[in-house]
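# What the coordinates show
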Amino acid sequence: MSAKLSDQLSPPGDPARRAVTRVHHHLVLALAAEVGAIGIVLVTWSQLRAFDQSLRIGAPGPAIARVVEIIFGLAVLVVPAYGGRAITRSLRARRLAGDGNLPDARIAAQDAGHDLLYVLGFGLMAAIIAFAAFFLASNHGHVRTVLFNWDLIWSSRTALLHGFWWNIKLFLVAQVLVLIWALIVAVVRQLPGGAFAPLRFLAIAYADVFRGVPAIIVIYLIGFGFPLAHVEPFASHMTGNTQLFWLGVLALVLVYGAYVAEVYRAGLESIHWSQTSAARSLGLSQWQTLRYVVIPQAVRRIMPPLLNDFVALQKDTALVSVIALPEILLNAEILKSNHFNLSPVTGAALFFLVITIPCTRFVDHLIKRDKARTQAH
Amino acid sequence: MSFLELVDVHKSFGDNEVLRGVTLRVEEHQVVCLIGPSGCGKSTLLRCVNALEAIEQGDIRLEDERVSGRGVDLNGLRQDVGIVFQSFNLFPHMTVLDNVTLAPTKVLKLGKAEAVDRAHALLDRIGMWDKRDDYPDRLSGGQQQRVAIVRALAMQPRLMLLDEITSALDPELVAEVLALVGELGREGMTMLIATHEMGFARDVASKVVFLHSGRIEEEGPPDQIFRDPHSERTRTFLRSIIEAKRL
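Residues numbered from 1 in each chain as written. Chains lettered and ligands numbered in written order. Predicted model: local features only at pLDDT ≥ 70, side-chain atom pairs only at ≥ 80, totals over all residues.

### Comments concerning the overall build of chain B
Each helix and strand in chain B was counted, giving nine helices and ten strands. Taking 247 residues into account, the globule formula puts the C-alpha radius of gyration at 18 Å, and chain B, at 18 Å, falls close to it. With the principal axes as the frame, chain B shows a C-alpha extent of 55 × 45 × 35 Å. (Helix = DSSP H or I, 4+ residues; strand = E, 2+ residues; numbered from the N terminus. Rg over C-alpha atoms; globule rule 2.2 N^0.38 Å.)

Below you can see the structure in the form of structure tokens.
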């Protein structure tokens, strides 16, 4: 019963049998991966060829499509190249292990393992490209010509841009109003005491209702209902597109105000009460504490979800097409009907991407900058 | 009439009665140290004095003016009574200078230039004027805590409350903070200090108060409390401190 503690912790054993000294040379896996890699190259090439042939059907595709085909066709060769390197490194690992050079054998084996991961990652990418080519070429090229007719997209650009101007105005005006309105709602929801209980209840009811109803129904009800019901100032002070525009703004602000108020609330609640204690102990009033200490910190913290909601708002400006404001989707629909082809709608989608993607990148940049500024290196 | 008077102060959180009738006097220019085991009510007592917590029973008077209960101008009270917290609680989204000038400009309505002058003098004093444009996260704990002290001083309070201000600091940073507090005490700042630093309390306190389970068990000059405590509980507490080699 007098076994030493150190004996129990590390039982004596044959060093050669320790798990850490084993060499996994991956040779079988590497050979299998190379077979798969060659297979994926052949599949990708055949699908790119089918796509190339579909370019001759109906509306001819742009020359750039040919260039892209060639680039993809060559790029896919990366997959078997990694597979080949995995095989040579596996062989090397096996040879070194046979020579008893275990440290170098393990390094070679690890390199072979990395190559196999590259085969997997790039191989999956190639498979997705092959599927895209197959999809676009399918039904005798109809998928491509009906959805991605580049000539039609290009010739629609002026009409689409014209409509998109409305979307940008809708978004910019609604965004500013949402920022203000949602903050008011969020702050009202935080007001303490019995005196504000009715207001708190209203704020909660508002958020529940407008988050619970589809945006398109709100736009429909306000856009068609308010003019019919002669609701001022929309009925007699505005006409035509101006009227539709402001009705659209109102509906979007009501819907997105409810979402953004919740985001604000989460942000306000995430600021630790000790910050409030510190501010109040310096003599700042409740309002000053909110204004200078809590809200600025909360807004920084909620930047990412706030921007998510604004990207969603940018996209949902297209819903205002249901009340016949000639924004981009409505224009695209008219072109669609004229040409019996969906490509103008694809064009509208491209317009949205042009603003939503930079927007997302911009906020990533803001977050990074803020982190760098307020945190220790 | 004492400068600060607490008479039979009671405070509970739910069923937990944290202060069970505390009566305490602090004279002007006195430094009073509150000592006692964790949970004895030191922090709560300080938070009650500047009304961050409302008391349920008793009276708190500052220069014979009742400052507890209803009808008190809390923002006014807090201009006269500064507090520094264990966790610094600097505003992380503001630079050092903005932290120090916020309350003077917004509460005292000082002009920007005057507030900056005031901050300049105070930050110079702790050798941190050069760091005025840094954000708190870039400072060491000791620097942050000294900025927090200066932030409270910028309001020119008549009374300072220090709530275990060195408990969150690495040991090597404690001295710089205590040195600043010691200086303030020698200059005549009236302070009520909750602390675990017994050596510091012995050196700077005019009076040491031992708090136990929400009551004042014993109070007296530091020499008497640390050398010859009358109460058995005080003795037990100090013995445990000495055994932990903290005194």
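### A few points about the nonpolar core
Formed by 129 residues in total, the largest nonpolar core has its most connected members in Cys33 and Leu192 of chain B. Here this core gets 16 residues from one element, more than from any other, and that element is helix α12 (residues 240-270) of chain A. Leaving out residues up to four positions away in the same chain, Cys33 of chain B has contacts with Ile193, Thr195, Ala201, Ala205, Val208 and Val209 of chain B. Membership of the second largest hydrophobic core comes to 25 residues, among which are Ile40, Leu48, Val76 and Ala126 of chain A. (Core = buried A, V, L, I, M, F, W, Y, C linked by C-beta atoms within 7 Å. Buried ≥ 20, exposed ≤ 12 C-beta atoms within 10 Å, placed from the backbone. Contact = placed C-beta atoms within 7 Å.)

### Considering the packing of helix α2 (residues 27-54) of chain A against helix α4 (residues 78-98) of chain A
All names here are of chain A. Across the interface, α2 lies against α4 with an axial gap of 8 Å and an inter-helix angle of 165°. One finds that α2 runs roughly antiparallel with respect to α4. The handedness of the crossing between α2 and α4 comes out as left-handed. On the side of α2, the interface is formed by Leu27, Ala30, Leu31, Ala33, Glu34, Ala37, Ile38, Ile40 and Val41, while α4 contributes Val79, Pro80, Gly83, Gly84, Ala86, Ile87, Ser90, Leu91 and Arg94. (Axes fitted to C-alpha atoms, helices over the stretch in contact; angles between N-to-C directions. Parallel < 35°, antiparallel > 145°, perpendicular 65-115°, else oblique. Left-handed = near helix turned anticlockwise from the far one by under 90°.)

### Here we look at the interface of chain A and chain B
Facing the 20 residues of chain A at the interface are 20 residues of chain B. Elements represented by at least two residues in the side of chain A that touches chain B include exactly α13 (273-281), α14 (286-301) and α17 (343-374) of chain A. When its residues are assigned to classes, the side of chain A that touches chain B shows seven nonpolar, ten polar and three charged. (Nonpolar A, V, L, I, M, F, W, Y, C, P; charged D, E, K, R; others polar.)

### Describing the sheet that holds strand β5 (residues 65-66) of chain B
Residue and element names in this part refer to chain B. In space, the four strands of this open sheet follow the order β2-β1-β4-β5, with antiparallel pairing throughout. Strands with a single pairing partner mark the edges of an open sheet, and in this sheet they are β2 (16-26) and β5. Pairing geometry for strand β4 (residues 57-62) and β5, over two bridges, is antiparallel. Paired with Arg61 across the bridge in β5 is Arg66. (Pairing = 2+ DSSP bridges.)

### Here we look at the domain arrangement of chain A
Along its sequence, chain A is organised into domain 1 (22-148) and domain 2 (154-374). Each of domain 1 of chain A and domain 2 of chain A has a C-alpha centre, and these two points are 44 Å apart. (Domains from an automatic or database assignment.)

### Brief notes about the environment of Phe3 of chain B
Residues and elements named next belong to chain B. Positionally, Phe3 belongs in the segment before β1 (4-13). Separated by 61 residues in sequence, Phe3 and Asp64 place their C-alpha atoms 7.3 Å apart. Among all residues touching Phe3, those that are not within four sequence positions of it are Val26, Glu27, Glu28, Glu63 and Thr190.

### Considerations on helix α16 (residues 328-339) of chain A
For an α-helix, the turn length of 3.6 residues means that residues three or four places apart are oriented alike. All names here are of chain A. Its twelve residues place the ends of α16 16 Å apart at the C-alpha level, agreeing with the 16 Å of an ideal helix rising 1.5 Å per residue. The complete set of buried residues in α16 reads Ile328, Leu329, Asn331, Ala332 and Leu335. Buried residues in α16, looked at end-on, bunch into an arc of 160°, giving them a common side. Once α16 ends, the next one or two residues include Phe340, with phi positive near 50°. (Expected span 1.5 Å × (residues − 1). Arc of directions from axis to C-beta.)

### Some points on the pairing of strand β6 (residues 81-84) of chain B
Residue and element names in this part refer to chain B. Covered by surrounding structure in β6 are Val81 and Ile83 together with Gly82 and Val84, the residues of both alternating faces. Here four bridges tie β6 to strand β7 (residues 159-163), and the two strands are oriented parallel to one another. Paired with Val84 across the two strands is Leu162, which belongs to β7.

### Describing α2 of chain A
Residues and elements named next belong to chain A. The end-to-end C-alpha distance of α2 is 41 Å, a good match for the 40 Å that 28 residues give at a rise of 1.5 Å each. Those residues of α2 that sit buried are Ala30, Ala33, Glu34, Ala37, Ile40, Thr44, Gln47, Leu48, Phe51 and Ser54. At its buried positions, α2 is contacted by α3 (63-75), α4, α5 (102-137) and α6 (142-147).

### Section: the environment of Val255 of chain A
Residue and element names in this part refer to chain A. Inspection of the secondary structure assignment puts Val255 in helix α12. Considered as a pair, Val255 and Ile216 are 39 residues apart in the sequence and their alpha carbons are 9.7 Å apart. Leave out the neighbours within four places in its chain, and Val255 touches Phe210, Ala215 and Val218.

### Brief notes about the packing of helix α5 (residues 141-153) of chain B against helix α6 (residues 171-186) of chain B
Residues and elements named next belong to chain B. Put simply, α5 and α6 touch, their axes get as near as 8 Å, and they point 15° apart. Viewed along their axes, α5 and α6 adopt a mutual orientation that is roughly parallel. Crossing geometry of α5 relative to α6 is assigned as right-handed. For the pair α5 and α6, contact is made by Gly141, Gly142, Gln145, Arg146 and Ile149 and by Leu173, Glu176, Val177 and Leu180, respectively. Classifying every residue of the contact of α5 with α6 gives four nonpolar, three polar and two charged.

### Comments concerning the sheet that holds strand β10 (residues 215-220) of chain B
Residues and elements named next belong to chain B. Spatially, six strands are ordered β6-β7-β8-β3-β9-β10 in an open sheet, and the strand pairing comes out mixed. Each edge of the sheet is formed by a strand with only one pairing partner; in this case those strands are β6 and β10. Going from strand to strand, the sheet's axes swing by 20° on average, the running direction of each strand aside. Its contacts with the sheet place α5 against β6 and β7, and it is angled at close to 170° to β6.

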